[in-house]
Amino acid sequence: MEIQRNYSLKKYNTFNFDVKAKNFIEINNEEELKLLLSDKDINNMPILMLGQGSNILFRNDFDGLVIKLKNQDISVINEDDIYVYIKVGGGVIWDNFVDFAVSKNYGGVENLSLIPGTVGAAPIQNIGAYGQEVKDTVFSIKGYEISSINEKLFMNSECKFGYRSSIFKHELRNKFIITEVIFRLSKVPILNINYGRIKSELEKLPKNDYSIADVREAVINIRQSKLPDTDKIGNAGSFFKNPEISEIEFIAIQKINPQIPFYNTAPDVYKIPAGWLIEQCGWKGKRFGDAGCYTEQALILCNYGSAQPNEIIKLAALIKKSVYEKFGVAITEEVNII
Ligand code: EPU
């Protein structure tokens, strides 16, 4: 356990920005974490817990301590005829956990295949894709309050999960470190294949009876065809959240744009794909130097090589402004800007 100074985070953020952490440390387990936080000087620094850096945009160098947790355990701790309870270290790569679950035919996370990031980061923004959200399989979350170093267990109902949100992104932002998540997965999986492109991917297979492994493969195929590979093009997935608007607002927009896609998620709540709004404003595929809006998915902002953080931030501001001017809809960042 050794603190490194002025450490480049280029390999630790998927925008591939060459920003530096004033202090950086990798830790292997909770004992090391407690020991680290018990040092008063360290505990008083701004602390940033980093997963794979796949949902983060560093504006500048980070003037504090970046902690990378490496605990890698996955273990089944309980099961009955229907459910299995799996304890997973916060440092486990999310897709390794999905791969483990699918290989055992435990259902509930297969639609979340290939999402970048770690298990500890997944509940913070309640990752979701193709009709599944992680909140539906999180049983409990364990971690430490930074200021007191007290261990705390959150049951699912205490996490205040919402669309790309949780208590850890709001009230407990930067105050709590997640070290372990217990998932409750199903031993009798019910497939969730209503999302249009999953169905059409599966229909390519020469059978009608699909397994969760088939769903995982379908999701991987879709993601690889639509989303840029972060090793080649720097990005952090969806840059903005899909905005939710009222029925009155929705009808007014639909009158002028009858083809507008939408999800009526609750009474008087219409979720609109931000990618569609952005594309309608002419941004899809547009580039200023190496900062651009992805050609296949307008919701993704990219660093095509040597873009600087402020160029992406500037592009995002222009996009927000034009969406607001054209549709009267305010879109907000999904990515964490630090
Ligand atoms: N669309 C466009 N143009 C675009 C992009 C999208 O018109 O450039 C329209 C299309 O009509 C499409 C609809 O938007 O049918 C929805 O697009 P897509 O299925 O690509 O999903 P999304 O709403 O843009 C969300 C998540 C993604 C997740 C996908 C699939 C958010 C902010 N994003 O995107 O999550 O993979 O659904 O479920 O909710 C992420 O959070 O980083 C992420 C990638």
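Residues numbered from 1 in each chain as written. Predicted model: local features only at pLDDT ≥ 70, side-chain atom pairs only at ≥ 80, totals over all residues. Heavy atoms only, no water.

1. Some words on the pattern of salt bridges
What counts, and what does not: When a carboxyl oxygen of Asp or Glu is within 4 Å of a side-chain nitrogen of Lys or Arg, the pair counts as a salt bridge. Runs of H or I in DSSP of at least four residues are treated as helices and runs of E of at least two as strands, each being numbered from the N terminus. Any residue under 20% of the maximum accessible area for its type is buried, any over 50% is exposed, and the rest in between are partly exposed; the area is computed with a 1.4 Å probe on protein chains only.
Taken as a whole, this structure holds 18 salt bridges when the rule is applied. Salt-bridge contacts for glutamate 333 lead to lysine 320; the nearest nitrogen and oxygen are separated by 3.0 Å. With a gap of 13 residues between them, glutamate 333 in the loop between α8 (309–327) and β20 (336–337) and lysine 320 in helix α8 connect regions that are remote in the sequence. A relative accessible area of 24% places glutamate 333 in the partly exposed class. By relative accessible area, lysine 320 is classed as partly exposed at 27%.

2. Observations concerning the site of the ligand
To be explicit about the condition: We call a residue near a molecule or strand when any one of its heavy atoms sits within 4 Å of it. N or O atoms closer than or at 3.5 Å make up a polar contact, with two conditions inside protein: a donor-capable atom paired with an acceptor-capable one, and, for residues adjacent in sequence, both atoms drawn from side chains. Side-chain classes follow a simple rule in which Ala, Val, Leu, Ile, Met, Phe, Trp, Tyr, Cys and Pro form the nonpolar group, Asp, Glu, Lys and Arg form the charged group, and the remainder, Gly included, forms the polar group. All domain edges in this entry derive from an automatic or database-based domain assignment.
Looking at the ligand, there are 24 residues lining it, with Tyr130, Tyr163, Tyr195, Glu279 and Gln297 nearest. At a separation of 2.9 Å, an oxygen atom of the ligand approaches a polar backbone atom of serine 238. Listed by contribution, the elements that provide at least two residues to the shell around the ligand are β8 (128–129), α5 (212–226), β13 (234–238) and α7 (274–280). Tallying contributions element by element places α7 first for the shell around the ligand, with three residues. Residues of the shell around the ligand, tallied by class, amount to 11 nonpolar, six polar and seven charged. Three or more residues apiece are contributed to the shell around the ligand by two domains, here domain 2 (74–186) and domain 3 (234–337).

3. What to know about the domain arrangement of the protein
In many analyses, interface size is given as the accessible surface area lost on bringing the parts together. Applicable threshold: Whether two residues are in contact is decided by their heavy atoms, any of which lying within 4.5 Å being enough. What gets called buried area is simply the loss in accessible area from a 1.4 Å probe that two parts show on being joined, summed for both.
Domain boundaries assigned for the protein yield domain 1 (4–69), domain 2 (74–186) and domain 3 (234–337). One C-alpha centre belongs to domain 2, the other to domain 3, and the line joining them spans 27 Å. Each partner contributes residues to the interface: domain 2 has five residues there, and domain 3 has five residues. A combined buried area of about 550 Å² lies between domain 2 and domain 3, and 37% of that area is made up of carbon and sulfur atoms. In this structure, the connection of domain 2 to domain 3 is made through one salt bridge. Where arginine 164 meets glutamate 334, a salt bridge forms, and the shortest distance between an N and an O atom there is 3.7 Å. Where domain 2 meets domain 3, there are two residue pairs in polar contact (both at pLDDT 80 or more).

4. Here we look at the sheet that holds strand β7 (residues 83–89)
Sheet strands line up and pair through hydrogen bonds in the backbone, either parallel or antiparallel. For the record, the criterion: In this analysis, strands are considered paired if DSSP registers two or more bridges between them. Angular values range over 0 to 180 degrees, each being the angle between N-to-C directions of two axes fitted as lines to C-alpha atoms, with helices fitted over their stretch in contact.
Pairing is antiparallel across the open sheet formed by five strands, whose spatial order is β6-β7-β12-β10-β11. At either end of the open sheet lies a strand with only one pairing partner, and these are β6 (74–79) and β11 (151–155). Adjacent strand axes in the sheet meet at a mean angle of 20°, parallel and antiparallel pairs treated alike. Taken together, the five bridges between strand β10 (residues 138–145) and β11 define a ladder with antiparallel strand orientation. By the bridge assignment, lysine 142 is partnered in β11 with leucine 153. Contacts from helix α1 (residues 30–37) reach β10 and β12 (176–186), with the element oriented near 155° to β12.

5. What to know about the nonpolar core
Going by this rule: Each nonpolar core is a collection of buried residues, namely Ala, Val, Leu, Ile, Met, Phe, Trp, Tyr and Cys, held together in the definition by side-chain atoms within 4.5 Å.
Counting 44 residues, the largest nonpolar core has Phe239, Phe240, Ile278 and Ile319 as its most contacted members. If one sorts the elements of this core by residue count, α8 sits on top with six residues. Two domains each put at least three residues into this core: domain 1 (4–69) and domain 3 (234–337). When sequence neighbours within four positions are dropped, the list of residues in contact with isoleucine 319 reads Phe240, Ile278, Trp283, Leu301 and Ile331.

6. Description of the side chain of aspartate 95
Its place among the elements puts aspartate 95 in helix α3 (residues 94–103). Residues within four places of aspartate 95 in sequence aside, it is in contact with Ser113, Leu114, Ile115 and Arg216.

7. Remarks on the packing of aromatic side chains
To keep things clear, this is the line we draw: Only Phe, Tyr and Trp rings take part, Trp by its six-membered ring, and two of them pair if their centres are within 6.5 Å. Stacked means planes under 30 degrees apart, edge-to-face means over 60, and tilted covers everything else. In this scheme, the term charge over a ring applies when either NZ of a lysine or CZ of an arginine sits within 6 Å of the ring centre and within 35 degrees of the ring normal.
Tallied over the entire structure, the rule returns 19 aromatic pairs. Arranged with centres 5.0 Å apart and planes meeting at 85°, the rings of tyrosine 130 and tyrosine 195 form a pair that is edge-to-face. A residue pair is termed long-range when its members are at least 10 positions apart, and tyrosine 130 in the loop between β8 and β9 (132–133) and tyrosine 195 in the loop between β12 and α4 (196–202) qualify at 65 residues. Connected via pairs of aromatic rings, a cluster forms that spans Phe15, Phe17, Phe239 and Phe240. Across from the ring centre of tryptophan 283, 5.2 Å away, lies the NZ or CZ of lysine 286, which sits over that ring. Above the face of the tyrosine 304 ring, arginine 287 is positioned so that its terminal group lies 4.1 Å from the ring centre.

8. Topic: the environment of valine 19
Relative to the assigned elements, valine 19 resides in the loop between β1 (4–8) and β2 (20–27). In the structure, valine 19 is positioned 303 residues away from serine 322 in sequence and 29 Å away in space, judged by C-alpha atoms. When residues no more than four places from it in sequence are discounted, the contact partners of valine 19 are Tyr7, Ser8, Leu9, Lys10, Asn13, Phe58, Asn60 and Asp61.

9. A few points about the packing of α3 against α5
The condition is simple: Angles are sorted into four bins: roughly parallel if under 35 degrees, roughly antiparallel if over 145, roughly perpendicular if 65 to 115, and oblique for all others.
Between α3 and α5, the shortest axis-to-axis distance is 9 Å and the interhelical angle comes to 150°. Put simply, α3 runs roughly antiparallel to α5. Listed contacts from α5 to Asp95, Val98, Asp99 and Val102 of α3 are Ile212, Ala213 and Arg216. Among the residues making up the contact of α3 with α5, the classes are represented as four nonpolar, no polar and three charged.

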